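Architecture and fold: a report
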Amino acid sequence: NRLKKVEVIRDPGGRYALEGYTAIINIILNKDYQGTEIFLSGRSMVDPDASKTSYIPVQNNVSATVNYTYQKLNVYLKYSIWQNNFNLQSKTLKSYDNGLEIIHQPLYDNKMNTFVLQQYQNYTLGTDFYLNSKQTISYETTLSRQPKNKNSEQADFNIITLMNGNQIDQYNGMSKNNSSNINSYHSLFYDYKINEKNSINSNFTFSKYSDNSINYTQENNIIINQTGENTKNSTNFYTEFNHNFKSSTIQIGYGNSWQEQNNLFTIENSSSSFTYSDFRNKFYSYYSIKAGKKLSIKIGGAAETSNPKTANQEYHYFTFQPYTDILFKANNALDIKLKYRAKTQYPSISQTNPFETWSDPYTVRFGNPKLSPNLTHIVSMQT
C-alpha cells in the first residue's frame with residue numbers, strides 16, 4: 001500500500017554521475033499512506049568446529065527500524081550493529097623484479113596466526129514533511145562509528161626471505177593495529193513541483209569524519225611504531241530544474257562541493273602534518289526527445305571545475321563529461337540502447353597523502369599530492 005512505483009536507472013547523468021553512481025534505485029511512495037512499520041532482523045554465523053571457544057562466534061548482525069507516517073509527517077529511525085570475529089590461518093608472498101621474495105607463513109601448521117576483531121555501529125534519524133501537495137522538505141542525519149576497543153587486527157608470522165630461489169634469511173615477526181573512526185552526515189532536501197511541466201529539487205549535506213590508528217610492527221629485531229589521525233569536513237549542494245515539453249524534457253542543474261582534510265602522522269618520534277582542500281563547481285544539462293514511436297534520444301553533459309590546495313601547491317582542473325542515449329524499440333520484445341558516457345575519478349586521501357607508511361622493512365607506501373583527476377570514456381550497447 002505504501003509503494004507507488006520503483007524505477008531502476010542505469011548509468012545516470014547529472015549529480016549522480018558527478019558523484020560516481022553507476023545505478024540508482026528510485027523508490028516512489030504514495031503520499032496518502034498512513035501507518036506504522038517495525039522491522040527487526042538478526043543474523044549470526046558460528047564455527048562449531050573451532051579449536052577455541054573464543055573462535056566460535058564469527059559474525060553477528062542486529063538491526064531495528066521504526067517508521068511512522070501520519071498525515072503530512074513521516075518519521076523513521078534505524079539502528080544496526082555488526083560484529084566480526086575472524087581467526088584465520090593466512091600466508092602471503094611478495095615477489096620483486098630483482099628476484100627477491102618474502103614469504104609470511106604461520107608459525108605453526110595447526111594454529112591460527114591472523115586475528116581480526118571489528119564492530120560497526122550505525123544510527124539514522126530522518127523525517128519528511130509535506131508542506132502541501134507540491135512541496136516536500138526532508139531531513140536526515142546518520143552516524144557511523146567503529147570503537148577502538150572493538151576494532152583490532154594482529155598477525156604473527158614466520159618470515160622467509162629468498163633471493164633467486166635461495167634462502168637468505170628467516171625470522172619471526174608480528175604486527176598489531178588498533179583503529180577507530182566516526183562519520184556523520186546531515187542532509188536537508190527540498191522538492192517543489194511547480195506544475196505539471198516544471199519542478200525543482202535541491203539538497204544540502206554536511207559531513208564530518210575522523211579516525212585514528214596505532215600500528216606496531218616487529219620484524220627481525222626492527223620495531224616500527226606508527227600512529228595516524230585523519231579528519232575530514234565536507235559540504236555538498238545541488239539544485240536542479242526540470243521542464244517537460246509536449247514530447248521532450250530539459251534538465252538543468254548546478255552543484256558545488258567542498259572538503260578539507262587534515263592528517264597527522266607519527267613514525268617513532270618524527271611527526272608530519274598534511275592539509276588538503278578542494279572546492280568544485282558543477283554544471284550539467286540534458287535534453288530528451290521522443291522522435292516517433294520507436295526512437296528516443298537523450299543528449300547532454302556535465303562540466304566540473306576543481307581547485308585542490310595543499311600548504312605548498314594549488315591546482316585548477318576542468319573536466320567535461322558528455323552523455324548520449326539512443327533508444328530504438330525494434331518491436332514489442334526488443335529494445336536496443338546505445339550509450340556513451342564519461343566519468344571523472346579523483347584521487348583518494350590515501351593516494352594524495354605524502355606520508356611514508358611501512359608495512360615491512362622492504363615495503364614503503366606514500367601518496368602523491370600532485371595527482372590529477374582522470375576521465376574515462378565508456379561506450380556500450382544494451383539490449
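Now for a description of the structure that goes with this document.

The rules behind each value
Residues numbered from 1 in each chain as written. Predicted model: local features only at pLDDT ≥ 70, side-chain atom pairs only at ≥ 80, totals over all residues. Heavy atoms only, no water. Helix = DSSP H or I, 4+ residues; strand = E, 2+ residues; numbered from the N terminus. Buried < 20%, exposed > 50% of the residue type's maximum accessible area, 1.4 Å probe, protein only. Contact = heavy atoms within 4.5 Å. Areas by Shrake-Rupley, 256 points an atom, 1.4 Å probe, with all protein chains shown as cover. Lys, Arg positive; Asp, Glu negative; His and termini not counted. Charge placed at Lys NZ, Arg CZ, Asp CG, Glu CD. Pairing = 2+ DSSP bridges. 1 Å grid on protein atoms, 1.4 Å probe; cavity = no way out; pocket = protein on both sides within 12 Å on 5 of 7 lines; lining within 4 Å. Points joined across faces, edges and corners; volume = space filled by probe spheres on them. Nonpolar A, V, L, I, M, F, W, Y, C, P; charged D, E, K, R; others polar. Patch = residues over 30% accessible without salt bridge, like charges linked within 9 Å, V, L, I, M, F, W, Y side chains within 5 Å. Salt bridge = Lys/Arg side-chain N within 4 Å of Asp/Glu carboxyl O. Polar contact = N/O pair within 3.5 Å; in protein donor to acceptor, adjacent residues only side chain to side chain. Phe/Tyr/Trp six-rings, centres within 6.5 Å; stacked < 30°, edge-to-face > 60°. Lys NZ or Arg CZ within 6 Å of the ring centre and 35° of its normal.

Some points on the overall build of the chain
- Scanning the chain for helices and strands turns up 2 helices and 21 strands.
- Dimensions along the principal axes, computed over C-alpha positions, put the chain at roughly 75 × 50 × 50 Å.
- A buried classification covers 34% of the 383 residues belonging to the chain.
- A separation of at least 24 residues holds for 59% of the contacts in the chain among residues at least 6 apart in sequence.
- When the accessible area of the chain is evaluated, it comes to approximately 23,200 Å², of which 54% is carbon and sulfur surface.
- Each charge sign in the chain was given a centre, from 37 positive and 30 negative side chains, and these centres are 12 Å apart.

Examining the environment of Lys197
- Looking at where Lys197 falls in the secondary structure, it is placed in the loop between strand S11 (166-193) and strand S12 (198-219).
- Sequence separation of Lys197 and His243 is 46 residues, and the distance between their C-alpha atoms is 5.3 Å.
- Every residue in contact with Lys197, bar those within four places of it in the chain, is listed here: Asn242, His243 and Asn244.

Topic: the pairing of strand S5 (residues 73-88)
- Across 12 bridges, the pairing between strand S4 (residues 57-70) and S5 is antiparallel. By the bridge assignment, Thr65 is partnered in S5 with Lys78.
- Here S4 folds back onto S5 in antiparallel fashion, the turn holding 2 residues, of which Gln71 has a positive phi close to 50 degrees.

Brief notes about empty space enclosed by the protein
- Here the structure, examined in full by the defined rule, presents 2 cavities of 30 Å³ or more.
- In this structure, the largest cavity encloses a volume near 70 Å³.
- Tyr276, Asp278, Arg280, Ser306, Pro308, Tyr315, Tyr317, Tyr346, Pro347, Pro369, Leu371 and Pro373 are the residues that line the largest cavity.
- Residue assignment for the lining of the largest cavity shows that the elements contributing at least two residues are strand S15 (270-291) and strand S16 (295-309).
- It is S15 that contributes the most residues to the lining of the largest cavity, 3 residues altogether.
- By volume, the second largest cavity amounts to about 50 Å³.
- Around the second largest cavity, the lining residues are Arg2, Leu29, Asn30, Lys31, Tyr33, Thr69, Asn74 and Tyr130.
- Broken down by class, the residue content of the lining of the second largest cavity amounts to 3 nonpolar, 3 polar and 2 charged.

As for unusual backbone geometry
- Although it is not a glycine, Asn164 sits at a positive phi angle of roughly 55 degrees.
- On the secondary structure map, Asn164 appears in the loop between strand S10 (152-163) and S11.
- The phi angle at Glu268 is positive, at roughly 55 degrees, despite the residue not being glycine.
- Along the chain, the position of Glu268 falls in the loop between strand S14 (248-267) and S15.
- Given a relative accessible area of 39%, Glu268 falls into the partly exposed group.

So, a nonpolar patch on the surface
- There is a patch of nonpolar side chains on the surface, built from Leu73, Phe129, Leu131, Ile137, Tyr139, Leu188, Phe204 and Phe206 and spanning about 620 Å² of accessible area.
- Listed by contribution, the elements that provide at least two residues to the nonpolar patch are strand S9 (135-146) and S12.

What to know about the side chain of His243
- With respect to the secondary-structure elements, His243 resides in strand S13 (residues 222-244).
- A polar contact is formed between the side chain of His243 and the side chain of Asn198, at a distance of 2.5 Å.
- Ignoring sequence-local partners within four residues, the contact set of His243 consists of Lys197, Asn198, Ser248, Thr249 and Ile250.

Looking at the pairing of S10
- Inspection of the sheet shows strand S7 (residues 100-105) paired to S10 by 6 bridges, in the antiparallel sense. If you follow Glu101 over to S10, its bridge partner there is Leu162.
- Two elements, strand S8 (residues 114-130) and S10, share 4 bridges in a ladder whose sense is antiparallel. From the neighbouring strand, Val116 faces S10, where its bridge partner is Glu153.
- Across 12 bridges, the pairing between S10 and S11 is antiparallel. Considered in S11, the bridge of Gln154 is made with Lys176.

Examining the pattern of salt bridges
- Applying the stated criterion across every chain yields a total of 6 salt bridges.
- Put simply, Arg280 and Asp278 hold a salt bridge, and the shortest N to O gap is 2.8 Å. In this structure, Arg280 and Asp278 share a single accessibility class: buried.

Focus on the environment of Gln89
- Counting through the fold element by element, Gln89 comes out in the loop between S5 and strand S6 (92-95).
- Judged by its relative accessible area of 43%, Gln89 falls in the partly exposed class.
- Each C-alpha atom of the pair Gln89 and Ile24 lies 39 Å from the other, and the pair is 65 residues apart in sequence.
- Not counting residues up to four positions away in its chain, the partners in contact with Gln89 are Pro106, Tyr108, Asp109, Asn110, Lys111, Met112 and Asn113.
- Looking at Gln89, its side chain comes within polar contact range of the main-chain oxygen of Asp109, at 2.5 Å.
- A polar contact is formed between the side chain of Gln89 and the backbone oxygen of Lys111, at a distance of 3.0 Å.

Description of the packing of aromatic side chains
- One pass over the full model with this rule turns up 8 aromatic pairs.
- In textbook terms, an aromatic cluster arises when at least three aromatic residues are bridged by ring pairs, as seen for Tyr284, Tyr286 and Tyr323.
- Across from the ring centre of Tyr108, 5.4 Å away, lies the NZ or CZ of Lys111, which sits over that ring.

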